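So the chains spell out like this:
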Amino acid sequence: MKISLSIIVFCLLSIPGAFSQTTPLDAASIARVKKGVEEAALRTSTIVAGFTQEKEMSILEEKMRSTGRFYFKKDKQLRWEYTKPYSYIIIINNDRITIKDEQKTNSFDTRSNKVFGEINKIIVGSIRGTLLNDPQNFRTSYYNSSAAWIVKLVPLSAALKSSLKEITLHFDKKDFSVNRVEMTENTGDKTVIIFTDKKFNQPVANEKFILR
Amino acid sequence: MRNLSFVSLLFLLLVTGCSSLKPAGLKPCRTTDTTGIIGKSPFTGTYEKMLFRAAMDIRDQRLTGLILVKKTSDTVTHVFFSNEIGMTYFDFIMKDDGFIPEYCFEPMNKKALIGIFRTCFELMLDYNIGEDGRKFYCDRSTGAVVVSGTSGRYKTWSGRSSETGSIFINGKTNFSDKTFISFSNFTAGVPSSVIIENPFINLKMQLQMISF
């Protein structure tokens, strides 16, 4: 009786580990993932999705959570629309960033704002797949999990390295689109963005990427 | 060219030097009634954790996001600022015996700027004027009492605006960290709106409380 109980307990404890386990990919599988992401980027002209963003901080027990809508249009048009806990819109239109908060609309060149410049590169680069082929700026490693292809990117450029320790991208196993972006800072604090209800290649008006 | 730089510096010093800490229209007054006198910050000794929606304008740059103020022990407080996407701008640790920039985003990681932030947050959160050497002044038109003295390393002036009901704290250690703080929209003695200004670097921080 003792033995069978031990086996049950062992099995129960093993289940979550088995599901969350990741294994490194071999060269052939890496090539397959890279090709899949490149092809997905080629056939995707627009993405409309919901997103949930959670910030984990060492000094805070609970996570800071925000939600909103996400719009992408090839080549470099992006709209992050935060709806909760408050309204906030970030538009990236090529190299121009416009931010609208409750009081002001601010517009600047990505080259003049290093934070958003780098974030722009990460988000657009992961959607377009270009981030996986940027050995000058990132060291990449590939993993397989039951739910996703996982790519870990370690920044190599001094600008990004000073704030980010690692970026982890989770690609859908079926369509190779990005499901989840994790940005781990040098302090260990982490931001996780999860995309939901993704719709591809639907018409998105250019006006979505203009703020006045 | 050197002359031009010198003239510009002189002009800057003149402009910023002219903004006096002492509010206008005051005369020395004797008061024995100290009730209602603003001798400490509305936050001093009142909070465990506060979350603010924040907008920070420095010259022509605007940074927005969330500022979290959290006590992690009786003597340690974190002031943490991150943008909406979750990237950390700074994480400052305020202690009884000092101020530690635990993390500061590289472009902002300048000793002088961090010193100015130190003044802003120490006055906002810990201002508590000692009884020794404090002087009372009365507004010539309204009779409102303003108190001057020292709080820690700061020379300060504080009081309540009889027009708006807001509380102000003006303080400095030197000409460059001259800081003007205004607290308003009080609920049960806690202000939900804080504006912090430093004219020397043209800094304006607007904090709107989300949770207390």
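The structure under discussion appears in the preceding block.
What counts and how
Residues numbered from 1 in each chain as written. Chains lettered and ligands numbered in written order. Predicted model: local features only at pLDDT ≥ 70, side-chain atom pairs only at ≥ 80, totals over all residues. Heavy atoms only, no water. Helix = DSSP H or I, 4+ residues; strand = E, 2+ residues; numbered from the N terminus. Buried < 20%, exposed > 50% of the residue type's maximum accessible area, 1.4 Å probe, protein only. Contact = heavy atoms within 4.5 Å. Areas by Shrake-Rupley, 256 points an atom, 1.4 Å probe, with all protein chains shown as cover. Lys, Arg positive; Asp, Glu negative; His and termini not counted. Salt bridge = Lys/Arg side-chain N within 4 Å of Asp/Glu carboxyl O. Polar contact = N/O pair within 3.5 Å; in protein donor to acceptor, adjacent residues only side chain to side chain. Buried area = accessible area lost by both parts, 1.4 Å probe. Pairing = 2+ DSSP bridges. Expected span 1.5 Å × (residues − 1). Disulfide = S-S within 2.5 Å.

Any details on the overall build of chain A? Residues and values, ideally.
Helix and strand counts for chain A stand at four helices and 12 strands. A burial count over chain A gives 47% of its 212 residues as buried. Once local pairs closer than 6 in sequence are excluded, the contacts in chain A between residues at least 24 apart make up 43%. Working note: accessible area of chain A is about 11,100 Å², and carbon and sulfur atoms make up 55% of it.

Would you mind going over the side chain of B:Asp177 in detail, with residue names and values included?
Residue and element names in this part refer to chain B. Tracing the chain through its elements places Asp177 in the loop between β10 (167–172) and β11 (179–187). Here Asp177 sits buried without a salt bridge, and the closest side chain of opposite charge, Arg153, lies 5.1 Å off (N-O distance). Polar contacts involving the side chain of Asp177 include one to the side chain of Thr173, which spans 2.6 Å. Non-local contacts of Asp177, meaning those with residues more than four positions away in its chain, are made with Ile116, Thr119, Tyr154, Gly171, Lys172 and Asn198.

I'd like a rundown of the environment of A:Gln21, residues and numbers included.
Residues and elements named next belong to chain A. Structurally, the position occupied by Gln21 is in the loop between α1 (2–20) and β1 (23–24). For Gln21, a relative accessible area of 52% translates into the label exposed. Considering only alpha carbons, one finds Gln21 and Ser146, 125 residues apart in sequence, at a separation of 7.7 Å. Residue contacts for Gln21: discarding those within four places in its chain leaves Asn144 and Ser145.

How would you sum up the interface of chain A and chain B? Please name residues and give values.
Interface size, as often reported, equals the accessible area lost upon joining of the parts. Each side of the interface is counted separately: chain A has 32 residues, and chain B has 29 residues. In total, about 2,700 Å² of surface goes out of reach between chain A and chain B, with carbon and sulfur atoms giving 61% of it. Connecting chain A to chain B are four salt bridges. A salt bridge links B:Lys49 to A:Glu62; its shortest N-O distance comes to 2.5 Å. For the pair chain A and chain B, the number of links is 10 residue pairs in polar contact (both at pLDDT 80 or more).

An account of the pairing of strand β2 (residues 49–58) of chain B is needed here, citing residue identities and associated values.
All names here are of chain B. Burial analysis of β2 places nine of its 10 residues in the buried class, which makes it a mostly covered element. Alignment of β2 against strand β3 (residues 61–71), held across 10 bridges, turns out to be antiparallel. For Asp57, the partnering residue across the bridge sits in β3 and is Arg62. With antiparallel pairing between neighbouring strands as the criterion, β2 and β3 make up a hairpin whose turn holds two residues, including Arg59 at a positive phi of roughly 50 degrees. The pairing of β2 with strand β13 (residues 203–211) spans eight bridges and is classified as antiparallel. The partner of Leu51 across the bridge, within β13, is Ser211.

Can you explain the pattern of salt bridges? Please cite residues and give values.
Within this structure, the stated rule accounts for 18 salt bridges over all chains. Note that B:Asp57 and A:Lys104 form a salt bridge whose closest N and O atoms lie 3.6 Å from each other. Placement of the pair is B:Asp57 in strand β2 and A:Lys104 in the loop between β6 (96–100) and β7 (105–109), with the two residues belonging to separate chains. Judged by its relative accessible area of 12%, B:Asp57 falls in the buried class. When salt bridges with common partners are traced through the structure, they connect A:Glu54, A:Glu56, A:Lys63 and A:Arg65 into a single cluster.

Can you break down the sheet that holds strand β10 (residues 164–172) of chain A residue by residue, with the values?
Neighbouring strands of a sheet are bound in pairs by backbone hydrogen bonds; such pairs are parallel or else antiparallel. Residue and element names in this part refer to chain A. Read from one edge to the other, the open sheet built from 12 strands follows the order β1-β8-β9-β10-β11-β12-β2-β3-β4-β5-β6-β7, with strand pairing classed as antiparallel. Since the sheet does not close on itself, it has two edges, and those belong to β1 and β7, each with one partner. As paired elements, β10 and strand β11 (residues 178–185) share seven bridges and run antiparallel to each other. By the bridge assignment, Leu164 is partnered in β11 with Glu185.

Quick one: what's the story with helix α2 (residues 111–126) of chain B, residue by residue and with numbers?
The first and last C-alpha atoms of α2(B) sit 21 Å apart over 16 residues, in line with the 22 Å expected at 1.5 Å per residue. Turning to α2(B), its buried residues number three or more, namely B:Leu113, B:Ile114, B:Ile116, B:Phe117, B:Thr119, B:Cys120, B:Phe121, B:Glu122, B:Leu123, B:Met124 and B:Leu125.

Before we move on, can you summarise the state of the cysteines with the specific residues and values?
Residues and elements named next belong to chain B. Under the criterion given, the structure shown has one disulfide over all chains. The disulfide partner of Cys29 is Cys138, and the gap between their sulfur atoms is 2.1 Å. Taking the torsion about the S-S bond as the criterion, the Cys29 to Cys138 disulfide, at about 80 degrees, is right-handed. Of this pair, Cys29 sits in the loop between β1 (26–28) and β2 while Cys138 sits in strand β7 (residues 135–139), and the two are 109 residues apart along the sequence. Taken individually, Cys29 and Cys138 each receive the classification buried, so the pair is uniform in this respect. Cysteine Cys104 is unpaired, with the sulfur of Cys120 as its nearest cysteine sulfur at 13 Å.

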